[in-house]
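Residue-level structural notes
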Amino acid sequence: MVKNLVIVESPAKAKTIEKFLGSDFTVKSCYGHVRDLSKKDNGVDIKGGFRPLYTVSSDKKKVVDELKKLSDGAEVVWLATDEDREGEAIAWHLKEVLKLKNDKIRRIVFHEITKDAILNAVSNPRTIDDNLVNAQQSRRILDRLVGFEISPVLWKKVRPSLSAGRVQSVAVRLIVEREREIENFNTTYSYRVTGTFALAEAKGKKSSLDAELNKRFDTYDEALAFINACRGASFSVGDLERKEVRRTPAPPFTTSTLQQEAARKLRFSVSRTMVVAQRLYESGYITYMRTDSVNLSQLALNTAKKEIENTFGPEYHHFRKFRTRTANAQEAHEAIRPAYIDRIKIDGTRDDQMLYDLIRKRTLASQMADAVLEKNIAKIDISTSPYQFVAEGESILFDGFLKLYIESRDEDENEDSSEKILPPLKTGEKLFNREITATQRFARPNARYTEASLVKKLEELGIGRPSTYAPVISNIQNRGYVVKDERPGKEREYQVISLDSAGNVTQGKATENYGAEKAKLFPTDIGMLVNDFLVNEFSQIVDFKFTAKIEQQLDDVSNGALDGTEMLETFYKPFHQNIEETLENSGKITGERFLGINPETGEHVSARMARFGPVIQLTKPDDPDYKPRFAGLKKDQRIDMISLEDALSLFKLPRSVGEYEGNDITVAIGKFGPYVRHDGKFVSIPKADDPYAISLERCIELIEEKREKDGNKFIKLFPEDPDLKILNGRWGPYIAYKGSNFRIPKNTDAAGMEYEEVMRICQAEGKNAGHSKKR
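Criteria and cut-off values
Residues numbered from 1 in each chain as written. Predicted model: local features only at pLDDT ≥ 70, side-chain atom pairs only at ≥ 80, totals over all residues. Heavy atoms only, no water. Helix = DSSP H or I, 4+ residues; strand = E, 2+ residues; numbered from the N terminus. Buried < 20%, exposed > 50% of the residue type's maximum accessible area, 1.4 Å probe, protein only. Contact = heavy atoms within 4.5 Å. Areas by Shrake-Rupley, 256 points an atom, 1.4 Å probe, with all protein chains shown as cover. Lys, Arg positive; Asp, Glu negative; His and termini not counted. Charge placed at Lys NZ, Arg CZ, Asp CG, Glu CD. Arc of directions from axis to C-beta. Pairing = 2+ DSSP bridges. Axes fitted to C-alpha atoms, helices over the stretch in contact; angles between N-to-C directions. Phe/Tyr/Trp six-rings, centres within 6.5 Å; stacked < 30°, edge-to-face > 60°. Lys NZ or Arg CZ within 6 Å of the ring centre and 35° of its normal. pLDDT = per-residue confidence, 0-100. Core = buried A, V, L, I, M, F, W, Y, C linked by side-chain atoms within 4.5 Å. Polar contact = N/O pair within 3.5 Å; in protein donor to acceptor, adjacent residues only side chain to side chain. Salt bridge = Lys/Arg side-chain N within 4 Å of Asp/Glu carboxyl O. Parallel < 35°, antiparallel > 145°, perpendicular 65-115°, else oblique. Nonpolar A, V, L, I, M, F, W, Y, C, P; charged D, E, K, R; others polar. Patch = residues over 30% accessible without salt bridge, like charges linked within 9 Å, V, L, I, M, F, W, Y side chains within 5 Å.

What about the overall build of the protein chain?
- Across its full length, the protein chain holds 20 helices and 28 strands.
- Counting only C-alpha atoms, the protein chain reaches 105 × 85 × 55 Å along its principal axes.
- Each of the 775 residues in the protein chain was classed as buried or not, and the buried ones make up 48%.
- Restricting the contact set of the protein chain to residue pairs at least 6 apart, pairs at least 24 apart contribute 70%.
- Accessible surface, the protein chain as shown: approximately 40100 Å² in total, 47% of it carbon and sulfur.
- Each charge sign in the protein chain was given a centre, from 121 positive and 119 negative side chains, and these centres are 3 Å apart.

Okay, structure coming up:
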């Protein structure tokens, strides 16, 4: 008989907690969230409130049965799921599915898996917070109302198998709008003038300083006129300014800032960061990783002080109490920090160690002294011009937190962080021109989003919460609305005018690469098409302010200020009416774009979205017997950007690449993508190969690989019935019979099965063949 049963989400968490509790406690895992415990999610009755729907799936029934048996015999059941809304909802579901009475339940929460935290939680149990449960249930129901009702509309009006989501659709909109902003950006240019100036010799040493003119010129002629004016001009030091500047460290990590900094410093994706952080938390190395609080506990502050003073000295410590900017920060009560700040190294994978080190340094740096810098600004007068060159430099007087940690920046936050030190200068001191250069510089649009900068933008807009960022960004990529990609830059010329120390002016051109992208988020054709449809038909759902308002209402539900059912009812009635009106009045959306006429054939050329992706279509509207021709777009082409010339080049397929074994090899693109045809058989061409450039040798290689794969496909055939086969599939051997597939029992020698044994399986499962996994 179990005296105290403790239930947590994962085996890893259970293993760590078990170390801190005595023999009177038995710790068990419920293996994940509520969605893992039931086939159906929780439903809602708009008038009657929440109602649990428990249809336990077969592979989880053993877990539930074991927990039920243990909980029935236990004196006390401790529900130790995570302290956020989802954790509270899991605790509520466990109570319902295990039929636990209130007087038997102890709800405990802790921000870190340490001995002190666990024992303190056990000493201070509470009841399940119904407000947090209702907020989580409201979020999940709201998301399903949006997804389950809009998705079928997309199937009918755009393309089958599409989906929409309350937060994911807004994220896609941000990416689409940024892409169009970049495409429509009107590139302007100006001429930036820089100069290198020498000081008079001092004790046989020469020194110089770099400066930039405080004026940019709009035209080449203006820049050239200025350069010419500098010929024979004298230069001298004008105003000198010295000031002390302090830099303050960033707060400790929240979920979103951890995702951003891990992306910038470690090149982690958002989902990778959260997987590693979850592992660190469950192993007892860090505090809870889903939080929007920057607060640190008094214990953490004291430990950080001791660690900083021992490592760097007392002058490096500065007590700070950061305040959370997010209104109603609900996911937790403390920032992400090490559970034991004095622990420098941990066991685990390289990812674990790198992320832990990042969290530890950020936490310590937040409690370190400001960095003190001296900033020097020197203005250089020009005898022939009213403009001035400005030289800036800074030197570190006291490094403070910079000794340990420097926060990274996004690429569009241009700031020269390199330290430049100006030589000693005096007002009126004469300077000598070494080189003055006017360089044509082009304006740049806002950068495309990275995963990290998208998280930052969502947080700024008040959209989503710490637990939603990673799944949203993964979903929009997995569903094909967005791709994370690299794009090569383009080359362009720019003009340069130079004046050397001898007074010679040189005019010329140079080249630069621009527009190169790495690990950026790009919208796909279908992503843009779905976004435009939602903006036109469901503008409120993808409105930034409306989505942020919904998040605030969910926060209000979590603190008891708003009833969840009432909120859902207010949202649902106008939303459902919008669904009905769209189904009735909106037409089929293909995003079709007419490109022009094929000059050789007179065919009409258009780009549109087809069932399996974007295509170019050739038609002859005046010829009823003409069969349209189609070609799929390449990876880097889009419906709204492709030209007539590029579209027609896609019809160079099918093409013959040569012969093999006396038969022609043809490369073409079909309904399911590019393929090689040889001797009446078809072989798919992998995405890594370009069908327009694939060689004969590579085609032969693919043909032979397919033959080898097909040769290994058949495990056994039966002369008694040619339709009966045992095949090798993706999930192992299986039986195929007359269009249906049947599982083979585990630990069965598939190759040794006899005809009668195989037929018994088919007959026994025949009624459920339609439910078998298709391969």
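Remarks on unusual backbone geometry
- Along the chain, Leu653 connects to Pro654 via a cis peptide bond; the corresponding omega equals 0°.
- Its location among the elements puts Pro654 in the loop between helix H18 (644-649) and strand S21 (655-660).
- The phi dihedral of Lys738 falls on the positive side, at around 50°, and the residue is not glycine.
- Inspection of the secondary structure puts Lys738 in the loop between strand S27 (732-737) and strand S28 (740-743).
- With relative accessibility at 58%, the residue Lys738 sits in the exposed group.

Let's talk about the environment of Gly232
- Tracing the chain through its elements places Gly232 in the loop between helix H8 (220-230) and strand S9 (235-247).
- For Gly232, a relative accessible area of 82% translates into the label exposed.
- C-alpha separation for the pair Gly232 and Gly147, spaced 85 residues apart in sequence, amounts to 72 Å.

Some points on helix H20 (residues 755-765)
- Taken as a whole, H20 has its buried residues at Tyr755, Val758, Met759, Ile761 and Cys762. For H20, the arc enclosing every buried residue in end-on projection is 155°, short of the 170-degree limit, so these residues lie on one face. Structural note: H20 exposes Arg760, Gln763 and Ala764 on the side pointing more than 90 degrees away from its buried face.
- Residues of H20 that are buried in the fold lie against strand S26 (724-729), S27 and S28.

Observations concerning the sheet that holds strand S17 (residues 593-597)
- Ordered by their spatial adjacency, 4 strands build an open sheet running S17-S18-S19-S20, and the pairing between neighbours is antiparallel. Both edges of this open sheet fall to S17 and strand S20 (629-632), since each of them pairs with a single strand only. Within this sheet the neighbouring strands show an average axis-to-axis angle of 25°, counted without direction.
- Bridge count between S17 and strand S18 (residues 604-610): 4 bridges; the pairing is antiparallel. Within S18, the position partnered with Arg593 by the bridge is Ala607.

A short note on the sheet that holds S27
- The antiparallel open sheet is built from 4 strands, whose spatial order is S25-S26-S27-S28. Because the sheet does not close on itself, it has two edges, and the strands there are strand S25 (714-717) and S28. Across the sheet, the mean angle from the axis of one strand to that of its neighbour is 25°, orientation sign disregarded.
- Here S25 runs beside S26; their pairing, made up of 3 bridges, is antiparallel. Of the residues in S26, the one forming a bridge with Leu717 is Lys725.

Observations concerning the packing of aromatic side chains
- Within this structure, the stated rule accounts for 18 aromatic pairs.
- Aromatic pair Phe217 and Tyr387: ring centres 5.9 Å apart, planes at 75°, arrangement edge-to-face. Of this pair, Phe217 sits in the loop between strand S8 (208-213) and H8 while Tyr387 sits in strand S11 (residues 385-398), and the two are 170 residues apart along the sequence.
- Overall, Phe217 belongs to the buried group, its relative accessible area being 5%.
- Assessed through its relative accessible area of 29%, Tyr387 is described here as partly exposed.
- A ring pair is formed by Tyr281 and Tyr288, whose centres lie 5.2 Å apart and whose planes are at 70°; its orientation type is edge-to-face.
- Classification of Tyr288 by relative accessible area gives buried; the value is 1%.
- Ring pairing ties together the aromatic residues Phe197, Phe217, Phe226, Phe235, Tyr387 and Phe389, which thus form one cluster.
- In this structure, Arg173 packs its charged tip against the face of Phe544, placed 4.9 Å from the ring centre.
- In this structure, Arg441 is placed above the aromatic ring of Tyr494, and the distance from its NZ or CZ to the ring centre is 5.0 Å.

A word on the confidence of the model for the protein chain
- Overall, the predicted model of the protein chain reaches an average pLDDT of 88, with 92% of residues at or above 70.
- Note that residues 33-57 has pLDDT below 50 and, in this model, 61 contacts with residues that lie over four places away or in other chains.
- Low pLDDT, under 50, characterises residues 769-775; the predicted model gives this stretch 19 contacts beyond four residues in sequence or across chains.

Considerations on the nonpolar core
- Ranked by internal contacts, the top residues of the largest apolar core, which has 132 residues, are Phe110, Ile150, Leu154, Ile286, Leu355, Leu454 and Ile616.
- The dominant element in this core, judged by the number of residues it contributes, is helix H6 (residues 130-157), at 8 residues.
- Those residues within four positions of Ile150 in sequence are excluded, and the remaining contacts are Ala164, Leu534, Phe538, Ile541, Phe575 and Ile579.
- Grouped together as the second largest cluster of nonpolar side chains are 28 residues, Ala223, Phe235, Ile380 and Leu499 included.

Remarks on the side chain of Ser606
- Relative to the helices and strands, Ser606 resides in strand S18.
- Owing to a relative accessible area of 5%, Ser606 belongs among the buried residues under this scheme.
- A distance of 3.2 Å separates the side chain of Ser606 from the side chain of Glu592, its partner in a polar contact.
- Every residue in contact with Ser606, bar those within four places of it in the chain, is listed here: Glu592, Arg593, Phe594, Leu595, Val615, Ile616 and Gln617.

Details of the pattern of salt bridges
- Considering all chains together, one arrives at 49 salt bridges under this definition.
- Between Arg85 and Asp555 there is a salt bridge, and its shortest N-O distance comes to 2.4 Å. Linking Arg85 in helix H4 (residues 85-97) with Asp555 in helix H16 (residues 544-558), this pair joins segments that are 470 residues apart in sequence. Grouping residues by exposure puts Arg85 and Asp555 together as buried.
- Among the ionic pairs, Lys509 bridges to Glu493, the shortest N-O distance being 3.7 Å. Of this pair, Lys509 sits in strand S15 (residues 505-514) while Glu493 sits in strand S14 (residues 490-500); the two residues are 16 residues apart in sequence, bridging distant segments of the chain.
- Connected through salt bridges with shared partners, the residues Glu179, Glu183, Arg448, Glu517, Lys520, Arg638 and Asp640 form a single ionic network.

Description of the packing of helix H10 (residues 270-282) against helix H12 (residues 350-365)
- Here H10 crosses H12 at 85°, and the two axes come no closer than 10 Å. With respect to H12, the element H10 is oriented roughly perpendicular. Each of Arg272, Thr273, Val276, Ala277, Arg279 and Leu280 in H10 lies in contact with H12, whose residues at this interface are Asp351, Asp352, Leu355 and Tyr356.
- Looking at the contact of H10 with H12 residue by residue, the class counts come to 5 nonpolar, 1 polar and 4 charged.

What about the packing of H16 against helix H17 (residues 564-585)?
- Where H16 contacts H17, the axes come no closer than 10 Å and their chain directions differ by 160°. Put simply, H16 runs roughly antiparallel to H17. Counting all contacts with H16, which are made through Phe546, Gln553, Leu554 and Val557, the residues of H17 involved are Gly564, Met567 and Phe571.
- A class-by-class count of the residues in the contact of H16 with H17 yields 5 nonpolar, 2 polar and no charged.

A few points about a negative patch on the surface
- Together, Glu720, Glu754, Glu756 and Glu757 make up a region of like negative charge exposed at the surface.
- For Glu757, a relative accessible area of 31% gives the class partly exposed.

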